[in-house]
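The lines below spell out each chain.
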Amino acid sequence: MQLHTLLVHELSELMEKKEVSCEELTRDYLQRIGQVEDKIKAFLTVTKEEALAQARAMDEQRARGEALPPLAGIPMAINDNICTQGIKTTCASQILYNFIPPYDATAAARLKNAGAILVGKCNLDEFAMGSSTEHSAFYSTQNPFDPEAVPGGSGAAAAVAVGEAAFALGSDTGGSIRQSAAFCGVIGLKPTYGCVPRYGLISYASSLDQIGPITRDITDLALVLNTIAGRNAKDSTSASVDGPDFKKSLVNSVKGLRIGLPKEYFKTGLAPGVAAKLQEAVRKLVELGAVCEEVDMPHTEYAVPAHYIISCAEASSNLARYDGVRHGLRVEAEDVLGMFKKTRIRGFGAEVQRRIMLGTHALSTGNYEACYMKALKVRTLVKRDFERAFEKFDCLLTPTSPTTAFKIGAKAEDSLAMYQSEVFTIPVNLVGVPAMSLPFGIAEGLPVGLQLIARHFDEGTLLRVGYTLEQNTSEIRPKPGLSR
Amino acid sequence: MSRYEAVIGLEVHVELKTDTKLFCGCSTEFGQEPNTQVCPVCLGLPGGTGVLNKKVVELATKAGLALNCAIGTYTWFDRKNYYYPDLPKGFQISQVFRPIAYKGYLDIDVDGRTKRINITRAHIEEDPGKLAHAGGSIAASHTSYVDYNRSGMPLIEIVSEPEIRSGDEAKAYLEKLKAILEYTGVSDVKMEQGSLRCDANVSVRPVGTTTLGTRTEIKNMNSFRAVQQAIEYEVDRQIDVLEDGERVIQETRGWVENKGITITMRNKENPDYRCFIEPELDPIELTAEWIEGVRATIPELPDARRKRLVAEHGLPDYDAGVITSSLALAEFFDAALQKYPDAKTISNWIMGELLRLLNARNMELNEAKITPDGLASLLQLIEKGSISHKIGKEVFETMFEEGQEPEQIVKEKGLSQISDEGQLARIIEEVIAKNPKSVADFQSGKKQAIGFLVGQVMKATKGQANPGVVNTMLQEKLGK
Ligand SMILES: [Zn+2]
């Protein structure tokens, strides 16, 4: 059986019926990893032994007649910027090349408790700073649809797309989850800021970072979200309410739903193939009974520079702890200041250093008002754009990225051009609302992603629209060439 | 009279008395094995995000209110970015832009007059870890050790306006501040355990001018007395510099206790801390009702208690001031008064014997074995005439050191006062026989000669005779 082509809820069913053991399932995925990982390079660490041990333990549990948790035996991948106890967590950085966290991130712990089996830790841009994995200190991940294209900022999307994991956890500061899901033809959700606890997510920009799931269908998304969402006593920014049951949002209807199409997102730089798919999606939604209308979001163009300043400013502070004193790389020097400097110069890659310097500049006396404070003001204006739009609309529909996956090397040297590929996902992080990228067909051989954006804590509407499209079109779930 | 005036502001860090740290559940207990009270949050491990300890907000508010501060209903935390090995995250979480408490004051007594010192602000912040250098200083060491048990402990920093004018005033300010914080129960305020630390900003200017001189910041002072002495030294040093026609350099200086001087620690400008709002924590929002609820839990403070001791018990203001300067002393007084209703006598014993012994032995009241009940019993024995005042002092010292009941000490040491006339008559006869000259003096009208004779009887009884009874008996024997 080709278990790795099945969905999470299909695998769960097999598990429940005892048609497959945890170990069989895990071995199938590990075999798949062995088959494609040479080319894809989605993982920085494959946790073969740990995964098999966990699977065997769960099989023994089942043999004793004990009830199994909801995600029992389901192989998952986790991005390498999310802490996993006893398993190397590098953030794709030399500075954390040997860091083994003594604790699990809350989201990882919840999945572990739900029975999911970690098969590996995925590649990303160093400290999640980038949109292509080209800034990983170790290697780049390949797009499963095109060996010359990037997979987006998260290797986890590529891993899920080719069946190296049934689902994955990624992080989203400017769009990594959604953009890489769009580029790899899978579903990626950035939940509302605070919906999933950030405890254990290695901070890049704390006010923007959010952990979210990457799956192959909407039902799977609901299952994973049910497990990871909800309050955490250890994270001050986590929501104070327990999440609803997202399975209840799997409703096949968008009748009467008001969907806004932000004008500013359809203006310039949109690839013709992407634009065409978007129009097709709108037609489909209208056909299914939704009301789609244009909406003004006048501050959209300022979102990218504001996000750039805020994320770099926060990063310059968040990354100060990598000084060689406690964990990770230490480069010895004559004195303590020398150790700090040499460790950081050798440990951080060029893009990370660039953003630390930019952030330091933006926060320094004399620039604070003109840079950082101004960016915060823009953030407020962008929030108002969304508030106004949501007075009229239940959700917004945009392209996830202006283009399909770009070629490896095309933007690696141009930090700003790279940043522009997240121009449609970035405003969402500034505002904190939930957004999802949904695959919608292929343009010139590469997947196209739709972005759906909803009000704070209204992930349910995103699932509903996604589920309806999934049930009524054949555009969802493109199969990557590599999976043959 | 000096031509110069000193301008001094104090920055006092006080560790709040909570069971757990500011942003994590680690214990705050003092003196444990290094790095045993740590977790991903207070170690600044990648991914460690914390949650505000609500008790800290309550204690900080209480301290602010006790210092007559306004309390901010909407404040937040900021990051202060700098690198040091004891700072695990590379930034300190503090309240830079909006302190929880601001615009307060406290009144101090110096040279018999009261002076108000305004308090600029009191804000919450986290403590860094603690460094131990193999070679004395970080620069001179090949190896240094860091203990992060202290990392993330909750502090409030209380900043005074530069309105203090002398080392004496600084000491009085610190004593008053300590008493208020101790009364409110927000901190242990123990300088020797580091739960109270003080830095001083010192400058001088010609009397009559209003512009501020260049200031230095003085660190490493480990007692109130050290603060006082360091300030006195630094003021003199700066005046000498100016008198020599030179300029004071803005720098941080360290107090060297055994030499009694301050020396340069760093003369670099303050670093740019690049402060910005802490993005991982929610703001602190307080309602007026909640603040009033905290205010209601503040007990009677030193000034009010002092006034009450004067008004209700007729104590001299000075005595009341000394007794209320420490909560322990004030409570000792009140408890003794419950059992022995003569406030002035109790006060005399506290001001005299108790403080004398504490100072001589360099002890805190809680280290002494004497109890308020014990003191009351002792005073009753003296009042009944069972022992003399003089023997009482002896018994007090035993109680102070060993903690027995006074009756027991009197019994064991055979210190009971002899009031029995039959017992005394024989001794008085002997004294009269041995001192004919004094007897003659007395009988010829030199009344004061009787004092010598009483003294001789006391000596013969090793102080146990009741001096009143002896006096009366002598007068009768010698025929007035
Ligand atoms: Zn801790």
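Coordinates for the structure precede this section.
The rules behind each value
For every chain, the first residue of the written sequence is number 1, and numbering continues from 1 onward in sequence order. Whichever chain is written first is A, and whichever ligand is written first is 1; the rest continue in order. Side-chain atom pairs in this predicted model are given and counted only at pLDDT of 80 or more, local residue features only at pLDDT of at least 70, and totals for whole chains, interfaces and linings cover all residues. Working from all heavy atoms in the structure, the side-chain values ignore hydrogens and water. Contact between two residues is taken to exist if any of their heavy atoms lie within 4.5 Å; hydrogens are not considered. Throughout, buried area stands for the accessible area (probe radius 1.4 Å) lost by two parts on being put together, summed over both. When a carboxyl oxygen of Asp or Glu lies within 4 Å of a side-chain nitrogen of Lys or Arg, that pair is called a salt bridge. Counted as a polar contact is a pair of N or O atoms within 3.5 Å, where, for protein atoms, one must be capable of donating a hydrogen and the other of accepting one, and residues adjacent in sequence contribute only when both atoms are in side chains. Strands are runs of DSSP state E lasting at least 2 residues, helices are runs of H or I lasting at least 4, and numbering of each runs from the N terminus. Here a donor is any nitrogen, oxygen or sulfur atom (N, O, S) within 2.8 Å of the metal, with 3.2 Å used for Na, K and Ca; water is not among the atoms considered, so some sites may look incomplete. Every geometry call rests on angle ranges, with four donors termed tetrahedral when all angles are between 85 and 135 degrees, four termed square planar and six termed octahedral when opposite donors are over 155 degrees apart and all others are between 65 and 115, and everything else termed irregular. Aromatic rings from Phe, Tyr and Trp, taking only the six-membered ring of Trp, are treated as a pair when their centres fall within 6.5 Å; an angle between ring planes under 30 degrees marks them as stacked, one over 60 as edge-to-face, and anything in between as tilted. Only protein chains enter the area calculation, which uses a 1.4 Å probe; residues under 20% of their type maximum are buried, those over 50% are exposed, and those in between are partly exposed. A pair of strands is labelled paired if DSSP reports no fewer than 2 bridges between them. Here, axes are lines fitted to C-alpha atoms. For helices the fit covers the stretch in contact, and angles between N-to-C directions go from 0 to 180 degrees. Residue types Ala, Val, Leu, Ile, Met, Phe, Trp, Tyr and Cys, when buried and joined through side-chain atoms within 4.5 Å, form a set referred to as a nonpolar core. Oblique is the label for any angle not covered by the other classes, which are roughly parallel (under 35 degrees), roughly antiparallel (over 145) and roughly perpendicular (65 to 115). Note on convention: near helix rotated counterclockwise from far helix by under a right angle means a left-handed crossing. Clockwise means right-handed. Gly counts as polar in this scheme, as do all residues outside two lists: the nonpolar Ala, Val, Leu, Ile, Met, Phe, Trp, Tyr, Cys and Pro, and the charged Asp, Glu, Lys and Arg. For patch detection, residues must exceed 30% relative accessible area and be free of salt bridges, and they are connected within 9 Å for like charges or within 5 Å for nonpolar side chains (Val, Leu, Ile, Met, Phe, Trp, Tyr). Only the protein chains shown count as covering a residue, and every accessible area follows the Shrake-Rupley method with a 1.4 Å probe. When charges are counted, Lys and Arg contribute as positive and Asp and Glu as negative, whereas His and the chain ends are disregarded. By convention, the point assigned to a charge is CZ for Arg, NZ for Lys, CD for Glu and CG for Asp.

Section: the interface of chain A and chain B
At the junction of the two partners, chain A supplies 39 residues and chain B supplies 33 residues. When chain A packs against chain B, close to 2800 Å² is buried across both sides, 56% of that on carbon and sulfur atoms. At the junction of chain A with chain B, the criterion picks out one salt bridge. Residue A:Arg198 is joined to B:Glu280 by a salt bridge in which the shortest nitrogen-to-oxygen separation is 3.4 Å. Along the contact surface separating chain A from chain B lie 17 residue pairs in polar contact (both at pLDDT 80 or more). When contributions to the side of chain A that touches chain B are tallied by element, the ones reaching two or more residues are helix H9 (300-318), helix H10 (336-347) and helix H11 (350-363) of chain A. The element best represented in the side of chain A that touches chain B is H9(A), accounting for five residues.

Focus: the coordination of the zinc ion
Residues and elements named next belong to chain B. For the zinc ion, the full set of protein donor atoms is Cys24 (SG), Cys26 (SG), Cys39 (SG) and Cys42 (SG), and the range of their distances to it is 2.2 to 2.4 Å. Each of the four donor atoms around the zinc ion contributes to a set of angles spanning 102 to 114°, which defines the coordination as tetrahedral. One chain supplies every donor to the zinc ion, and in sequence these donors are spaced C-x1-C-x12-C-x2-C. Here Cys26, found in the loop between strand S1 (4-15) and helix H1 (54-66), pairs with Cys39, found in the loop between S1 and H1; they are 13 residues apart in sequence, far enough to count as distant.

Observations concerning the packing of aromatic side chains
All names here are of chain A. With the rule as written, the count across this model stands at 16 aromatic pairs over all chains. When the ring of Phe183 is compared with that of Phe406, the centres are 5.9 Å apart and the planes differ by 90°; the resulting orientation is edge-to-face. Of this pair, Phe183 sits in helix H6 (residues 176-184) while Phe406 sits in the loop between strand S9 (395-399) and helix H13 (415-420), and the two are 223 residues apart along the sequence. When the centroid spacing of 6.3 Å and the interplanar angle of 45° are considered together, the rings of Phe386 and Phe390 count as tilted. Taken together, the positions of Phe386 and Phe390, both in helix H12 (residues 369-392) and four residues apart, correspond to about one turn of that helix.

Observations concerning the pattern of salt bridges
Side-chain pairs of opposite charge can arise where the charged atoms are in close proximity. In the structure shown here, the tally under the stated rule is 56 salt bridges over all chains. Residues A:Lys263 and A:Asp296 are paired through a salt bridge, measuring 3.1 Å at the closest nitrogen-oxygen approach. Linking A:Lys263 in the loop between strand S7 (258-262) and helix H8 (272-287) with A:Asp296 in the loop between strand S8 (291-295) and H9, this pair joins segments that are 33 residues apart in sequence. What makes A:Lys263 partly exposed here is its relative accessible area of 33%. Members of the salt-bridge network, linked through shared partners, are B:Glu300, B:Arg305, B:Arg308, B:Glu312 and B:Asp334.

Description of unusual backbone geometry
Residues other than glycine seldom take positive phi values, yet A:Ala128 does so here, at roughly 65°. Note on placement: A:Ala128 falls in the loop between strand S3 (117-122) and helix H5 (155-161). Taking the relative accessible area as the measure of exposure, A:Ala128 reaches 10% and is therefore buried. With a phi angle near 45°, B:Arg274 is a residue other than glycine that sits in the positive phi range. Mapped onto the elements of the fold, B:Arg274 is located in the loop between strand S14 (261-266) and strand S15 (276-277).

Notes on the side chain of A:Ser131
All names here are of chain A. Mapped onto the fold, Ser131 is located in the loop between S3 and H5. Residue class for Ser131 comes out buried when judged on its relative accessible area of 3%. In this structure the side chain of Ser131 is engaged in a polar contact, spanning 3.5 Å, whose partner is the backbone oxygen of Met418. Ignoring any residue separated from it by four or fewer positions in sequence, one finds Ser131 in contact with Asp125, Val150, Gly152, Gly153, Gln179, Phe406, Met418, Ser421 and Glu422.

Quick notes on the sheet that holds strand S2 (residues 70-71) of chain B
Neighbouring strands of a sheet are bound in pairs by backbone hydrogen bonds; such pairs are parallel or else antiparallel. All names here are of chain B. An order of S2-S6-S7-S10-S1-S11-S12-S13-S14 is seen for the nine strands of this open sheet, with the pairing classed as mixed. Edge positions in the open sheet fall to S2 and S14, since each of these has one partner strand only. As judged from the two bridges shared by S2 and strand S6 (residues 101-110), these two strands associate in the antiparallel manner. Bridged to Ala70 within S6 is Tyr102. Helix H2 (residues 167-184) contacts S1, S6, strand S7 (113-126), strand S10 (154-160) and strand S11 (196-206) of the sheet and is inclined by roughly 115° relative to S6.

What to know about the nonpolar core
If you look at soluble globular proteins, the nonpolar side chains tend to sit buried side by side. Formed by 226 residues in total, the largest nonpolar core has its most connected members in A:Phe127, A:Phe386, A:Met436, B:Leu10, B:Ile158 and B:Tyr173. Residues B:Ala320, B:Leu329, B:Val395 and B:Phe400 belong to the second largest nonpolar core, which totals 40 residues.

What about the packing of helix H5 (residues 302-313) of chain B against helix H7 (residues 327-339) of chain B?
Residue and element names in this part refer to chain B. At their nearest, the axes of H5 and H7 sit 12 Å apart, and the two run at 25° to each other. Classed by the angle they form, the pair H5 and H7 counts as roughly parallel. Crossing of H5 against H7: the hand is left-handed. The residues of H7 that touch H5, namely those facing Arg305, Arg308, Leu309 and His313, are Leu327, Ala330, Glu331, Phe333, Asp334 and Leu337. The residue inventory of the contact of H5 with H7, partitioned by class, reads five nonpolar, one polar and four charged.

Looking at a negative patch on the surface
All names here are of chain B. Negative charge collects at one region of the surface, where Asp111, Asp168, Glu232, Asp236, Asp240, Asp244 and Glu246 lie side by side. It is helix H3 (residues 224-243) that provides the largest number of residues to the negative patch, a total of three residues. By relative accessible area, which is 52% here, Glu246 ends up exposed.

Let's talk about the pairing of S10(B)
Residues and elements named next belong to chain B. S10 sits mainly inside the fold: seven of its seven residues count as buried. Of the two faces of S10, both are covered, the one formed by Pro154, Ile156, Ile158 and Ser160 as well as the one formed by Leu155, Glu157 and Val159. Pairing analysis gives five bridges linking S1 to S10, with the strands arranged antiparallel. Bridging across to S10, Val12 finds its partner in Ile158.

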